[in-house]
2 protein chains.
Amino acid sequence: MATIKDVAKKAGVSISTASYALNNQPNVHPDTKSRILEAAKALDYFPQFSARHLKTNRTGNIGVFIYGFAGPIFSDVLEGIHMKLLEHHYNIIVSSGKSSTILLQERQVDGAIIFDSNLPNDTLIRYAKKGSPVCVLDRYLTGDHIIASVIDNAGLVHMFISDVIAKGYRDFAYLSGPKDSYNNNMRYMGFKAALDAHGIKHHQYLEGDFTISGGYRIGQTLCEAKNKPRFIFCANDESAIGLITAFQEAGIRVPEDLAIAGFDNIQMGLYITPKLTTIGIDHRRWGEHVAEVMVNRIQQGETIKINNPEGKIYWRESCE
Amino acid sequence: MATIKDVAKKAGVSISTASYALNNQPNVHPDTKSRILEAAKALDYFPQFSARHLKTNRTGNIGVFIYGFAGPIFSDVLEGIHMKLLEHHYNIIVSSGKSSTILLQERQVDGAIIFDSNLPNDTLIRYAKKGSPVCVLDRYLTGDHIIASVIDNAGLVHMFISDVIAKGYRDFAYLSGPKDSYNNNMRYMGFKAALDAHGIKHHQYLEGDFTISGGYRIGQTLCEAKNKPRFIFCANDESAIGLITAFQEAGIRVPEDLAIAGFDNIQMGLYITPKLTTIGIDHRRWGEHVAEVMVNRIQQGETIKINNPEGKIYWRESCE
DNA sequence: TTGTAAGCGTTATCAG
DNA sequence: CTGATAACGCTTACAA
């Protein structure tokens, strides 16, 4: 593999001059420079990442660590991050699971955006302590070099459920996500608070897992239950879609017999029948914002205020 | 940041001994070793990627380069790759666009899996020439260190359309993907061949772009056309879903008035009404296989035969 | 069993 | 404007 040494030799200059030319330093004679660049091109030379990083202590990479590649949410956030990083000439590196930890520990990235509830706080804090900024989404975490951004889950759900109550609904159920999910817990908090605020004492709590199949299963058992709620708020859209599918198969009409809403505003919600009412945030913009903050943090070294994403209710057919 | 030097000093040994201990070399006295490991733990030491890579010429990373983070296909392939790489102690690095090129050129990965038709052959060939294996999906490319795996698009579509013809359909349309897409072109080839084989001289060709919104738009204009086909084969599921949505809004019944099928077997096809008939391959298993081949290639240095993924027809409601 | 030292491919300081 | 050279953090002969 061609190294800078080969380029220098081919161009008949010293290594340092070659380096200057390749890095667009102004102190190289134009003729020399073009000779060097030509040589580099001829040899298909690119500076080796490791060597450069070792010397400069800068990777040019931002890591985005997610809990799995399957989520419909990620894609939008990632697109946003990607676009913004591109603007700032940073590379995006997406990883998951154990790979994330290793990339973090070995310092293969200049900064990390964490979208993975499985990465323990501890790991993040230790990484941040070494000076690289960490941006965590969907969890509260504070500390040096740590920036957190969370959705206003409780507030949004509270507002939404209040609206629903105003429409006359009284008999509610909550279809949960995993018990240890920050988003799930905050959404439930908002749900509960809204009921409390309107003096509604009772509701069913259905234990789901944020997946379509989980929602479907709950839906099936619910079909056989005698006292069905009139409105089910689902902790995310996927559960809601599973529910609706089960109900449709059983001939339960949504929203006439039972109204349903979700959270996230995933694309699929627009293509099922009935279209899903949901609470959504602009994930792409969120990604862009987070990336912007990250880059600023790295380049200016200042702690910049990160904003929480704004949410919006999307009224659609599954709940009138 | 703690370096191996700090660890060595703290443990009262030389750098090399520290290195031996940290790498589980058998030549270190147990007591010394445990002293070193303790020191490392106390200092929260991890070897720096760049320094190690520079010396060993091994990154431990496999890059997976995709054309965007949004596709519903990727997630499954990525999950498959991820799981298999985990087994073999390789890190997965996913990237896209310009970042992909840079990671490749700077040699931040030991091997690359390419799932991105925008990455030019040229770039891949040059990378492979330097000795790192490249595995390309959904395109034909041969050369040193290059391994390709493609779906049998033409064969599968040919088989499917033949079945459809056997059901009595005669009046077909093809809703395409982008003109320069390998998958699209091969699928069209299979479609055309099946019609030819059964003496069907005529069909409509609708120009789409693989997106839901593209399919929707085509669907809308088609609603107003006077001579509608009886069966539309879509180059992918997303186009098909867009089409169906447009037809539903216009009151055209699927499949009674017009039958539709897609390609890819994306999850959403199961949750729309009517459920989408499609041709699918097991993307997750494909990912696993590709990762396995990649790891073997790196570790054994042999060119191993890569298999093309098997496909299957999923008959569902959109076409009886 | 442990230590010394060379070297991986760069960049950057300093001298010419 | 150009060239020697030290240094980044690590691994690995080779020496002790």
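Residues numbered from 1 in each chain as written. Chains lettered and ligands numbered in written order. Predicted model: local features only at pLDDT ≥ 70, side-chain atom pairs only at ≥ 80, totals over all residues.

A. How the structure looks around unusual backbone geometry. All names here are of chain A. Here T273 and P274 are connected by a cis peptide whose omega angle stands at -10°. You will see that R107, though not glycine, has its phi angle at about 60°, which is positive. In this model, H145 sits at a positive phi of 65°, which is unusual for a non-glycine residue. The residue H145 is located in the loop between β4 (134-137) and β5 (146-149) in this model. According to the C-beta neighbour criterion, H145 is partly exposed, with 18 such atoms within 10 Å. (Helix = DSSP H or I, 4+ residues; strand = E, 2+ residues; numbered from the N terminus. Buried ≥ 20, exposed ≤ 12 C-beta atoms within 10 Å, placed from the backbone.)

B. View of the interface of chain B and chain A. Tallying the contact residues gives 42 residues for chain B and 42 residues for chain A. Of all the secondary structure elements, the ones that give two or more residues to the side of chain B that touches chain A are α4 (49-56), α5 (72-87), β2 (91-96), α6 (97-105) and α11 (237-250) of chain B. (Contact = placed C-beta atoms within 7 Å.)

C. Focus on the protein's contact with DNA strand C. As a matter of local geometry, DNA strand C sits amid 25 residues, with I4, S16 and A51 of chain A together with S16 and H29 of chain B nearest to it. Contributions of two or more residues to the surface near DNA strand C are made by α2 (15-22) and α4 (49-56) of chain A together with α2 (15-22) and α4 of chain B. Ranked by residue count, the leading element in the surface near DNA strand C is α4 of chain A, at five residues. Considering only residue class, the surface near DNA strand C consists of ten nonpolar, twelve polar and three charged. (Near = placed C-beta within 6 Å. Nonpolar A, V, L, I, M, F, W, Y, C, P; charged D, E, K, R; others polar.)

D. Local environment of the protein's contact with DNA strand D. As a structural note, the neighbourhood of DNA strand D is formed by 27 residues, with S14 and S16 of chain A together with T3, I4 and S16 of chain B the closest of them. Sorting the residues of the surface near DNA strand D by element identifies α2 and α4 of chain A together with α1 (4-11), α2 and α4 of chain B as the ones contributing at least two each. Here the residues of the surface near DNA strand D are counted per class, giving eleven nonpolar, twelve polar and four charged.

E. View of the relation of the copies chain B and chain A. Superposition of chain B onto chain A requires a rotation of 180° combined with a translation of 0.1 Å along the rotation axis, giving an RMSD of 0.2 Å. The transformation relating the two chain copies, once decomposed into turn and shift, fits a two-fold axis. When the interface residues of chain B are mapped onto chain A, 100% of them are again interface residues, pointing to one common binding face. (Least-squares fit on C-alpha atoms with pLDDT ≥ 70 in both.)

F. Geometry of the sheet that holds strand β6 (residues 172-175) of chain A. Residues and elements named next belong to chain A. An order of β7-β6-β8-β9-β10-β11 is seen for the six strands of this open sheet, with the pairing classed as mixed. Lying at the two open borders of the sheet, with one neighbouring strand each, are β7 (203-206) and β11 (311-314). For this sheet the average axis-to-axis angle between neighbouring strands, irrespective of direction, equals 15°. Note that β6 and strand β8 (residues 231-234) share four bridges and pair parallel. Within β8, the position partnered with F172 by the bridge is F231. (Pairing = 2+ DSSP bridges. Axes fitted to C-alpha atoms, helices over the stretch in contact; angles between N-to-C directions.)

G. Layout of the sheet that holds strand β7 (residues 203-206) of chain B. Residues and elements named next belong to chain B. A sheet is described by the order of its strands in space; here six strands give the open sequence β7-β6-β8-β9-β10-β11, paired in mixed fashion. This sheet does not close on itself; its edge strands, each paired only once, are β7 and β11 (311-314). On average, each strand axis in the sheet is tilted by 15° relative to the strand beside it, whichever way the strands run. Bridge count between strand β10 (residues 277-281) and β11: four bridges; the pairing is antiparallel. Within β11, the residue paired with I279 across the bridge is I313. Contacts between α11 and the sheet are confined to β6 (172-175), β8 (231-234), β9 (259-263) and β10, with β9 contributing the most and set at about 155° to the helix.

H. The arrangement of the pairing of strand β10 (residues 277-281) of chain A in detail. Residues and elements named next belong to chain A. By the criterion of burial, β10 is predominantly enclosed, with four of the five residues buried. Pairing of strand β9 (residues 259-263) with β10, which is carried by three bridges, proceeds in the parallel orientation. Across the sheet, residue A261 finds its bridge partner in β10, namely T277.

I. Structural detail: the packing of helix α8 (residues 153-166) of chain A against helix α9 (residues 182-197) of chain A. Residues and elements named next belong to chain A. Direction vectors running N to C along α8 and α9 enclose 35°, while the axes themselves pass 7 Å from each other. Read as a crossing pair, α8 and α9 show a hand that is right-handed. Across the interface between the two elements, N153, A154, G155, L156, V157, H158, I161, S162 and I165 of α8 pack against N183, M186, R187, M189, G190, F191, A193, A194 and L195 of α9. Looking at side-chain class alone, the contact of α8 with α9 contains eleven nonpolar, six polar and one charged residues. (Left-handed = near helix turned anticlockwise from the far one by under 90°.)

J. Quick look at helix α7 (residues 121-129) of chain B. All names here are of chain B. Where α7 is concerned, the buried positions are L124, Y127 and A128. Projected down its long axis, α7 carries its buried residues within an arc of 95°, all on one side. Those residues of α7 hidden inside the fold are in contact with α6, β3 (111-115), β4 (134-137) and β5 (146-149). Once α7 finishes, G131 follows within two positions and takes phi at roughly 110°, a positive value. (Arc of directions from axis to C-beta.)

K. Representation of helix α9 (residues 182-197) of chain B within the structure. All names here are of chain B. With 16 residues, α9 ought to run about 22 Å at 1.5 Å a step, and its terminal C-alpha atoms sit 22 Å apart, in line with that. Of the residues making up α9, those classed as buried are N183, N184, M186, R187, Y188, G190, F191, A194 and L195. Lining the buried residues of α9 we find α8 (153-166), β6, β7, β8 and β9. (Expected span 1.5 Å × (residues − 1).)

L. Representation of the nonpolar core within the structure. Within the largest apolar cluster, 161 residues are counted, with the highest numbers of intra-cluster contacts made by V64, I114 and I260 of chain A together with V64, I114 and I260 of chain B. Not counting residues within four places of it along the chain, the set of residues in contact with I114 of chain A comprises F65, L119, L124, V134, C135, V136 and L137 of chain A. (Core = buried A, V, L, I, M, F, W, Y, C linked by C-beta atoms within 7 Å.)

M. Structural detail: the environment of M186 of chain B. All names here are of chain B. Its location among the elements puts M186 in helix α9. Linking M186 and G301, residues 115 residues apart in sequence, is a C-alpha distance of 32 Å. Those residues in contact with M186 that sit more than four places away from it in its chain are N153 and A154.

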